[in-house]
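Reading the structure
Here's the letter readout for the chains.
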Amino acid sequence: MSCGTIVLPNSLNIESFGNFLQENNLWNIKEPHAAVMLETMGHKWIEPIPLAALAVALCERRNTNQAEVDLKDFKGAQHPSYFERMGFFKLLNQKSPISPGDHHDPSGRFIELTVFNSLKEVDSLIKQASRLLGVDNFIAPFLTRALEEAMRNAVQHAGENPFRLVVAQRYPRPPARIQLAIVDSGIGIRASLFDKSESVKGNAKRALKLCIQPGISGKRGKVTGNDFEKNQGFGLHLLNGIVRETYGKFVLATENFLRFQDGIHEKFFEIQPIKGTVLGIELFEDYLHDLDFFELQNRLVREVPW
């Protein structure tokens with residue numbers, strides 16, 4: 001693979017995302033001004049998590065380093081309409097390769113790639129999330145809380161003026177599942193943790209292990225009337241607990257490491273260096289229906305040191 005080329009494989013999902021980041025240099029941190037060619041010949045399928053990671057890297061490099069993005073090969077992709085529907089070409093200020101008449105209806109409910117920068121924007125989106133994704137009242141608290149915690153983390157911990165995106169997709173066909181991603185180009189997990197606890201000194205892999213523990217990643221000294229916000233480092237601990245208890249999947253990446261959790265099992269990938277943080281979760285609706293969200297949340301709150 002030539003320098004500056006990003007290859008979209010035939011299928012790119014949450015399971016293959018670690019391998020994708022090992023093989024492709026999305027950020028090209030040593031040469032951030034280098035042009036990028038997106039090779040899409042034979043590409044058929046992409047899920048929200050890798051889509052958001054790709055979009056943030058390309059948009060940030062274009063905005064900050066004026067790196068050109070070449071999408072002329074996109075007509076070789078079998079389903080480019082999904083990229084258009086999720087707002088990928090619009091974000092990059094690129095002309096869509098989709099011809100009139102080639103547009104398709106969504107295969108599931110979705111939240112397109114959406115830029116957010118403030119807690120007010122977070123609150124606005126989470127109020128609409130259940131309706132946009134078409135979930136029932138039992139599943140809604142899992143979805144709303146996961147989005148709220150992940151997006152608030154991105155606002156509060158990513159540093160000054162990063163590029164932030166959220167995207168989500170519900171796949172209603174059995175086994176019904178929901179995948180969401182929050183990606184930013186900020187300072188990354190290790191740098192965010194460094195001034196909050198002496199125990200987080202170390203490399204990115206160690207930071208990924210520590211940040212999901214209760215009491216590590218909280219915003220120290222924050223005064224708020226929200227009981228959950230008062231907890232120190234509750235957000236990632238909650239997300240990890242939901243995934244663990246409902247046999248879901250959880251991707252968390254920063255710098256040169258990616259953590260992939262499948263239920264109670266975790267695996268680490270050493271990847272090409274990235275800026276910021278990639279957070280993605282996949283939840284299966286059948287397992288969500290078997291668990292009471294508020295009982296789980298209260299149990300996890302009790303694990304947080306006060």
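Quick caveat, the model's predicted, so the values are computed rather than measured.

1. A look at the packing of aromatic side chains
Evaluated as defined, the whole model comprises ten aromatic pairs. Measuring from centroid to centroid gives 5.9 Å for Trp45 and Tyr171, while their planes differ by 45°, and the two rings are tilted. Highlighted residues: Trp45 in strand 4 (residues 45-46) and Tyr171 in strand 7 (residues 164-171), separated in sequence by 126 residues. For Tyr171, a relative accessible area of 9% translates into the label buried. When the ring of Phe83 is compared with that of Phe88, the centres are 5.4 Å apart and the planes differ by 70°; the resulting orientation is edge-to-face.

2. Some points on helix 6 (residues 140-157)
Over its 18 residues, helix 6 runs 25 Å from end to end, which matches the ideal 26 Å to within 8%, given 1.5 Å per residue. In terms of burial, helix 6 is largely enclosed, as 17 of its 18 residues are buried. Of the residues trailing helix 6, Gly159 is marked for its positive phi of about 95°.

3. Points about the environment of Lys127
Within the element layout of this structure, Lys127 appears in helix 5 (residues 119-133). For Lys127, a relative accessible area of 72% translates into the label exposed. Between the alpha carbons of Lys127 and Glu148 there is a distance of 9.8 Å; along the sequence they are 21 residues apart.

4. Some thoughts on the sheet that holds strand 10 (residues 257-262)
In space, the seven strands of this open sheet follow the order 6-7-8-12-9-10-11, with antiparallel pairing throughout. What marks the edges here is a single partner per strand, and that holds for strand 6 (110-115) and strand 11 (265-270). For this sheet, the mean angle separating the axes of adjacent strands, direction not counted, is 10°. Each of strand 6, strand 7 and strand 8 (177-184) touches helix 5; the most contacted strand, strand 6, lies at about 160° to it. Strand contacts of helix 6: strand 6, strand 7, strand 8 and strand 12 (277-284), with the helix running at about 10° to strand 8, the strand carrying the most contacts.

5. A few points about the side chain of Thr277
Structurally, Thr277 can be placed in strand 12. Residues contacting Thr277, with those up to four places away along its chain left out, are Ile182, Val183, Asp184, Gly188, Ile189, Leu252, Ala253 and Thr254.

6. A word on the packing of helix 6 against helix 12 (residues 293-301)
In a pair of packed helices, the angle between the axes and the distance between the axes together describe the arrangement. Orientation of helix 6 relative to helix 12, taken along the N-to-C sense of each, is 40°, at an axis distance of 9 Å. With respect to helix 12, the element helix 6 is oriented oblique. In this structure, helix 6 uses Pro141, Phe142 and Arg145 to contact helix 12, whose residues at the interface are Phe293, Phe294, Leu296 and Gln297. A breakdown of the residues in the contact of helix 6 with helix 12 according to their chemical character gives five nonpolar, one polar and one charged.

About the thresholds
Residues numbered from 1 in each chain as written. Predicted model: local features only at pLDDT ≥ 70, side-chain atom pairs only at ≥ 80, totals over all residues. Heavy atoms only, no water. Phe/Tyr/Trp six-rings, centres within 6.5 Å; stacked < 30°, edge-to-face > 60°. Helix = DSSP H or I, 4+ residues; strand = E, 2+ residues; numbered from the N terminus. Buried < 20%, exposed > 50% of the residue type's maximum accessible area, 1.4 Å probe, protein only. Expected span 1.5 Å × (residues − 1). Pairing = 2+ DSSP bridges. Axes fitted to C-alpha atoms, helices over the stretch in contact; angles between N-to-C directions. Contact = heavy atoms within 4.5 Å. Parallel < 35°, antiparallel > 145°, perpendicular 65-115°, else oblique. Nonpolar A, V, L, I, M, F, W, Y, C, P; charged D, E, K, R; others polar.

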